[in-house]
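Coordinate analysis (summary)
What follows is the residue order along each chain.
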Amino acid sequence: MDKQILSFVLLLLFSCLVTVHGEDPYLTFEWNVTYGTISPLGVPQQVILINGQLPGPKINCTSNNNIVVNVFNQLDEPFLITWKGIQQRKNSWQDGTPGTNCPIPPGKNFTYHFQVKDQIGSYYYHPTTALHRSVGGYGPINIHSRALIPVPFDAPAEEFNVLVSDWYTKSHKTLRGLLDTGRSLGRPEGIVINGKSGKGDGKDEPMFSMDSQKTYRFRFCNVGMKDTINVRIQGHTMKLVEMEGSHTVQNLYEMLDVHLGQCLSVLVTADQDPKDYFIVASSRFTKEPRVATATIRYTNGKAPASPDLGDAPEGWEWSLNQFNSFRWNLTASAARPNPQGSYHYGQINITRTIRLVSTAGIVDGKRRYAINGVSHVDPETPIKLAQYYGVEDKVFKYDLLQDGYIPPTGNEKITVAPNVVNATYRNFVEIILENHEKSVQSWHLDGYNFFAVAIQPGRWKPEMRQNTYNLLDAVSRSTIQVYPNSWAAIMTTLDNAGLWNLRSNVLEKQYLGHQLYFSVLSSTRSLKDEYNMPDNDVLCGVIKDLPLPKPYSI
């Protein structure tokens, strides 16, 4: 029997066995990652497809489902996928970042197995290796509430995933070569919606259809590399209902800024004249806006969409005001994102404040980006494996980054090394993200949701906690934007043992050092707190031929 078929059969049998014994349901997938040639911006180029698709297959699941994904790497390079926003409780082994996993070698496969524990909402997956994300390999993850859990809105007639992204026509290898030789990626050539770029001329095939007077859920995610993207639907208002796993207060919006890495859900009612309408996605904070469209067709309509696409607002102050309008729906009954039990987060004492200042500089004649003077580089041996095998001293050093960092006044000395912050399990921490640059930043934290309590211009000071923080109903989420010469404050409980990546969603900056890892280890090293390394884990680096350490136990 073919090895791929045998592997898939064994996965199905395993899924059936665990379901019989009372576990939460299993969903099993087999993905083949390949190159393909398509023309997102009208120019044929090599992209990364999953099962021949861009975007890749949708993971449509329910809270607490177990997800099993067998990934076959048919590329000519090592490959990894991360599950953005999925918290991987006790299981950073499945996080799919270079700090936690050895990449899947060409021609090999790896089976990810994780549970969407106590989560609902809109997410996506994407590659984390070698700028692969710039040419695809991404797709949506929708997590629904369980049937008996009430949701604060009526079930929509249908759900639509809308993955928006800026796009380069260069290959990922060419883009990587630019960064490796000290140059910039430059401006993206355009924007795509679900891998396509409509021209707004009425000649594109409709991407979505709606029946008059019915209500639909649109799940927007910005899966891009550089730009904030403003989204709007001609002639329709959007009711915001969910953001990265949290039900929100249901405000109405004519348009929404979706920053890099962020996802949100809106309800749209087909209450306009039956005809075609455009979803419009346009870049924000750029000299010349790049625009893409996708056609929505009313099923009983015949007229084309209006060529008037409207304009996104100018400046980031409008976007900041929109952020301040977002509120967590505290009365909704649903799976709550972690930190568990900290709904009254404003009444919890802060254990540690970590101030992270992002800067840039030149190292050996090449551009690098740093956090508190440390520019991260991935070691050959993943940090998580080095910890598990007890060989940290051969791979990295803890705490090169200091909490009480003082921003430089001139040229900064940048240390290029693995950036690992030693954190205390179950501490309640405040993280301050300071942006001293002229462009908007966006940050994502794996393994946790955090409370996005404030974004303000200027420099952060401790007394701002009383004056500017939302300590009641800030949205619990996993990404946050930081405007130019501004700061953002987030709070979370480090109650998920493991190794977790904090990274810039700006791909160029992430690749050149704008990231770090929080090492959150339980002192007991117990299976109650963290799972053992999976038996099928790929091994590499200095631990490849070492004997397996004694596993954790209860």
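Before reading on, note that the structure itself is shown above.
Now for a look at the structure at hand. (Residues numbered from 1 in each chain as written. Predicted model: local features only at pLDDT ≥ 70, side-chain atom pairs only at ≥ 80, totals over all residues. Heavy atoms only, no water.)

**A few points about the sheet that holds strand β3 (residues 59-62)**
Under the convention used in this document: Strands were regarded as paired on the criterion that DSSP finds at least two bridges between them. Only DSSP runs of H or I with at least four residues qualify as helices, and only runs of E with at least two residues qualify as strands; both kinds are numbered from the N terminus onward. Comment: axis = line fitted to C-alpha atoms, over the contacting stretch for helices; angle = value between 0 and 180 degrees taken between N-to-C directions.
The sheet built from 4 strands is open, its strands ordered β3-β8-β7-β5 with mixed pairing. Taken across any chain shown, the strands that pair with only one partner, and hence form the sheet edges, are β3 and β5 (81-84). Between one strand and the next, the sheet's axes are offset by a mean angle of 20°, whatever the strand orientation. Pairing of β3 with strand β8 (residues 139-144), which is carried by 4 bridges, proceeds in the parallel orientation. By the bridge assignment, Asn60 is partnered in β8 with Asn142.

**Remarks on the state of the cysteines**
Convention followed: Only a pair of cysteine sulfur atoms within 2.5 Å qualifies as a disulfide here. Exposed residues in this analysis have more than 50% of their type's maximum accessible area, buried residues have under 20%, and partly exposed residues fall in between, with area computed by a 1.4 Å probe over protein chains only.
Throughout the structure, instances matching the rule amount to 2 disulfides. By sequence order of its bonded cysteines, the protein has the disulfide arrangement 1-4, 2-3. The thiol of Cys61 is unpaired, and the distance to the nearest cysteine sulfur, on Cys221, comes to 13 Å. Judged by its relative accessible area of 2%, Cys61 falls in the buried class.

**Focus: the side chain of Thr359**
Convention followed: Contacts are assigned to residue pairs that have any heavy atoms within 4.5 Å of one another.
With respect to the secondary-structure elements, Thr359 resides in strand β21 (residues 352-363). If we ignore the near neighbours within four places in the chain, the residues touching Thr359 are Arg368, Tyr369, Ala370, Pro408, Glu412 and His514.

**Looking at the packing of aromatic side chains**
The condition is simple: To pair, rings of Phe, Tyr and Trp, with the six-membered ring standing in for Trp, must have centres within 6.5 Å; the planes then decide the type, stacked if under 30 degrees apart, edge-to-face if over 60, and tilted in the middle.
For the coordinates displayed, the defined rule picks out 23 aromatic pairs. For the pair Phe110 and Tyr112, a centre-to-centre distance of 4.9 Å together with 90° between the ring planes defines the contact as edge-to-face. The exposure class of Phe110 is buried, given its relative accessible area of 3%. A relative accessible area of 0% means that Tyr112 is categorised as buried.

**What to know about unusual backbone geometry**
The step from Leu54 to Pro55 runs through a cis peptide bond, and the omega angle for that step is -5°. Take Pro55: it is sitting in the loop between β2 (45-50) and β3.

**Overview of the pattern of salt bridges**
Applied cut-off: The working definition used for a salt bridge is a side-chain nitrogen of Lys or Arg within 4 Å of a carboxyl oxygen of Asp or Glu.
Throughout the structure, instances matching the rule amount to 20 salt bridges. The shortest N-O distance in the salt bridge between Lys173 and Asp76 comes to 2.7 Å. Note that Lys173 is positioned in helix α2 (residues 172-180) and Asp76 in the loop between β4 (66-73) and β5, a separation of 97 residues in sequence. Of the residues examined, Asp76 reaches a relative accessible area of 45% and is grouped as partly exposed. The residue Asp495 makes a salt bridge to Arg89 at a minimum N-O spacing of 3.6 Å. Of the two residues, Asp495 sits in the loop between β31 (486-493) and β32 (498-504) while Arg89 sits in the loop between β5 and β6 (109-115), which places them 406 residues apart along the sequence.

**Thoughts on the sheet that holds strand β27 (residues 441-445)**
Reading across from one edge, β25-β33-β32-β27-β30 is the order of the 5 strands in this open sheet, with mixed pairing throughout. Either end of the sheet is taken by a strand with one partner, and the two such strands are β25 (420-424) and β30 (479-482). Going from strand to strand, the sheet's axes swing by 20° on average, the running direction of each strand aside. Examined bridge by bridge, β27 and β30 share 4 bridges and lie antiparallel to one another. Of the residues in β30, the one forming a bridge with His444 is Thr479.

**With respect to the side chain of Gln234**
Going by this rule: N or O atoms within 3.5 Å of each other form a polar contact, as long as, within protein, one can give a hydrogen and the other can take it, and as long as residues adjacent in sequence are counted only when both atoms are side-chain atoms.
With respect to the helices and strands, the residue Gln234 is situated in the loop between β13 (229-233) and β14 (238-243). For Gln234, a relative accessible area of 11% corresponds to the buried category. In terms of polar contacts, Gln234 uses its side chain to reach the backbone amide nitrogen of Phe278, at 2.9 Å.

**Details of α2**
Given 3.6 residues to a turn, an α-helix orients residues that are three or four positions apart in the same direction. The criterion, for reference: The arc in question is the one spanned by the directions pointing from the helix axis to the C-beta atoms.
Residues of α2 that are buried: His172, Leu175, Arg176, Leu178 and Leu179. Angular distribution of buried residues about the axis of α2 spans 155°; they occupy a single face of the element. Tucked inside the fold, the buried residues of α2 contact β1 (26-38), β2 and α6 (507-511).

**A short note on the pairing of β14**
Of all the 6 residues making up β14, 5 are buried; the element is thus mostly covered by neighbouring parts of the structure. One ladder, built from 2 bridges, connects β14 with strand β16 (residues 252-253); its direction is antiparallel. Of the residues in β16, the one forming a bridge with Lys239 is Leu252. Of the strand pairs in this sheet, β14 and strand β18 (residues 263-269) are connected by 4 bridges, and their pairing is antiparallel. If you follow Lys239 over to β18, its bridge partner there is Leu267. Alignment of β14 against strand β15 (residues 246-247), held across 2 bridges, turns out to be antiparallel. Bridging from a neighbouring strand, Glu242 pairs with His247 of β15. In this structure, the hairpin formed by β14 and β15 is closed by a connection of 2 residues, where Glu244 is found at a positive phi of approximately 45°.

**Some words on the environment of Val280**
With respect to the helices, strands and loops of the structure, Val280 is situated in strand β19 (residues 276-283). For the pair Val280 and Tyr531, spaced 251 residues apart in sequence, the C-alpha separation works out to 44 Å. Contacts of Val280, omitting those with residues within four sequence positions, involve Asn230, Val231, Arg232, Val291, Ala292, Thr293 and Leu309.

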